[in-house]
Amino acid sequence: MAILCKHLVEIRDVVPSAPGCEECLKLGDPWLHLRVCRTCGHVGCCDQSPNRHATKHFRATRHPIIEAYDPPEGWGWCYVDEVMFDLSDRPTPHLSPIPRFY
């Protein structure tokens, strides 16, 4: 089955904005998993985390594509088209160790 997402062409190689969820680090809050925006590099926490910063970033910026950043799972997600796809051939590198809060 073909992936129907017009935003795949917008995926960029990015530099992560922080070693963990940018906002949670400032607040001292925990997260469960991290997502990195493949438009600008913003690192936010997943929707299973208390603050859901990755989704909040999408709502504020409309940047459509995120990558499962930590743990690196090799998949991406388009918020607009609600589709998952493989990014294992283009993962965003970790520039430093990821802080752990769990």
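So, here is what we can say about the structure in this document. (Residues numbered from 1 in each chain as written. Predicted model: local features only at pLDDT ≥ 70, side-chain atom pairs only at ≥ 80, totals over all residues. Heavy atoms only, no water.)

Here the focus is the environment of H33. With respect to the helices and strands, the residue H33 is situated in the loop between α1 (22–27) and β1 (34–37). Residue classification places H33 among the partly exposed residues on the basis of a relative accessible area of 23%. The sequence separation of H33 and A68 amounts to 35 residues, and the corresponding C-alpha distance is 7.9 Å. (Helix = DSSP H or I, 4+ residues; strand = E, 2+ residues; numbered from the N terminus. Buried < 20%, exposed > 50% of the residue type's maximum accessible area, 1.4 Å probe, protein only.)

Let us now look at the nonpolar core. Residues V14, C21, C24, W31, L34, V36, V43, C45, Y69 and I98 constitute the largest nonpolar core, which totals ten residues. At the level of elements, β1 and β2 (43–45) are the ones that each hand at least two residues to this core. Judged by nonpolar contacts, the second largest core, of seven residues, contains C5, I65, C78 and F85. (Core = buried A, V, L, I, M, F, W, Y, C linked by side-chain atoms within 4.5 Å.)

This next bit is on the sheet that holds strand β4 (residues 75–78). Ordered in space as β2-β1-β3-β4-β5, the five strands form an open sheet in which the pairing is antiparallel. Two strands bound the open sheet, and with one partner strand each, they are β2 and β5 (83–86). Each neighbouring strand pair of the sheet contributes to a mean axis angle of 35 degrees, computed without reference to strand direction. Across the sheet, helix α2 (residues 53–61) touches β1 and β2, and the angle it forms with β2 is around 120 degrees. (Pairing = 2+ DSSP bridges. Axes fitted to C-alpha atoms, helices over the stretch in contact; angles between N-to-C directions. Contact = heavy atoms within 4.5 Å.)

Any functional reading would require information that these geometric values do not contain.
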